[in-house]
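Remarks on the overall topology
What follows is the residue order along each chain.
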Amino acid sequence: PVPESTAEGDMLIALISTDGNPTMTSPAGWDLEDEIGGTAKSFIYRRLSPGNEPATYTWDLDGAEDAVGAIIRFINVDPDDPINAKEKTSGNGSTLSIPSITTTVENTMLLTLISLNDGVLIDQTSLTGQLQRGLWLVNSSGEAIGSVGSSASYRVLKKAQVYPSYNLTTQDLTSTDYYAIEIALAPDLDVLYSLLDSSTSRLLDSNKDKLLAE
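Just so it is clear, the model here is predicted, and its values are computed rather than measured.

Considerations on the side chain of serine 49
The topology assignment puts serine 49 in the loop between strand E4 (40-48) and strand E5 (60-61). Using a relative accessible area of 2% as the deciding quantity, one classes serine 49 as buried.

As for the nonpolar core
Judged by nonpolar contacts, the single largest core of 19 residues is most densely connected at Ile13, Leu15, Ile44, Phe74, Leu111, Ile183 and Leu185. For this core, the secondary structure elements donating two or more residues are strand E1 (11-19), E4, strand E6 (67-74), strand E10 (108-117), strand E12 (148-157) and strand E15 (176-185). Broken down by element, the residue count for this core peaks at 4 residues, all from E15. Beyond its immediate sequence surroundings of up to four residues, phenylalanine 74 is in contact with Asp10, Met11, Ile13, Met109, Leu111, Tyr154 and Leu185.

So, the pattern of salt bridges
According to the stated counting rule, one finds 7 salt bridges in the structure shown. One salt bridge in this structure joins aspartate 10 and arginine 73, with 3.1 Å as the shortest N-O distance. Linking aspartate 10 in the segment before E1 with arginine 73 in strand E6, this pair joins segments that are 63 residues apart in sequence. Residue aspartate 10 is classed as buried on the basis of its relative accessible area of 7%. Arginine 73 gets classed as partly exposed once you look at its relative accessible area, which sits at 30%.

Focus: the environment of lysine 158
Here lysine 158 lies in the loop between E12 and strand E13 (162-163). Residue class for lysine 158 comes out partly exposed when judged on its relative accessible area of 48%. Considering only alpha carbons, one finds lysine 158 and glutamate 106, 52 residues apart in sequence, at a separation of 5.3 Å.

Examining the sheet that holds strand E3 (residues 31-37)
With respect to topology, 4 strands assemble into an open sheet ordered E3-E4-E1-E6, the strand pairing being antiparallel. With partners counted over all chains shown, the strands left at the sheet margins are E3 and E6, one partner each. Each adjacent strand pair in this sheet contributes to an overall mean axis angle of 15°, direction not counted. Judged from the 9 bridges that link them, E1 and E4 form a sheet pairing that is antiparallel. Following the sheet pairing, methionine 11 is matched in E4 by leucine 48.

Comments concerning unusual backbone geometry
A positive phi angle, near 60°, is found at aspartate 172, a position not held by glycine. One can find aspartate 172 in the loop between strand E14 (166-169) and E15. Positive phi values are uncommon outside glycine, yet leucine 173 reaches one of about 50°. Tracing the backbone shows leucine 173 in the loop between E14 and E15.

About the criteria used
Residues numbered from 1 in each chain as written. Predicted model: local features only at pLDDT ≥ 70, side-chain atom pairs only at ≥ 80, totals over all residues. Heavy atoms only, no water. Helix = DSSP H or I, 4+ residues; strand = E, 2+ residues; numbered from the N terminus. Buried < 20%, exposed > 50% of the residue type's maximum accessible area, 1.4 Å probe, protein only. Core = buried A, V, L, I, M, F, W, Y, C linked by side-chain atoms within 4.5 Å. Contact = heavy atoms within 4.5 Å. Salt bridge = Lys/Arg side-chain N within 4 Å of Asp/Glu carboxyl O. Pairing = 2+ DSSP bridges. Axes fitted to C-alpha atoms, helices over the stretch in contact; angles between N-to-C directions.

What follows is the structure, encoded as structure tokens:
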């Protein structure tokens, strides 16, 4: 499903995790940003919305696989150069090593998609400082464990700098194959978040710590 509040100029990011290593065919108007896979697979697609979106979009796999997906809406993303930085990694274990990423502009939004084999899930408490959007798959029998697990999270990177690698853990420290993609969405610099300090008639930035106009 497409977020109901989607408007013209919004950046839509589709996050899909699948079992196995299928080939994916996207609906018209969506660009594949990146993919990585083996025993499970992560896909990230993006679309600059023209407005008037349908209620849902459908992605087609080249074979029958379990899959889970979501579309997240971001506002005020640079429409011309939306991806400031990107990294991806894979591995095996109960501890997931998420790579370092380097941004070159301030206030990017770092989005991380992780696909895990055998329905293993991320321990949500290890996502310190990130807005958590946990996704997981139930299999055809309705049990709470499927053949692929998925985790999506995002956080603001205020400074343009190198951000170090970090570790996440799986629930119950279960060893699994994992596949992760990080993308840093660049802000639209033509959009100015500001607050008017009526007591001094000064225009400040959104953190109230930089004088923009007086």
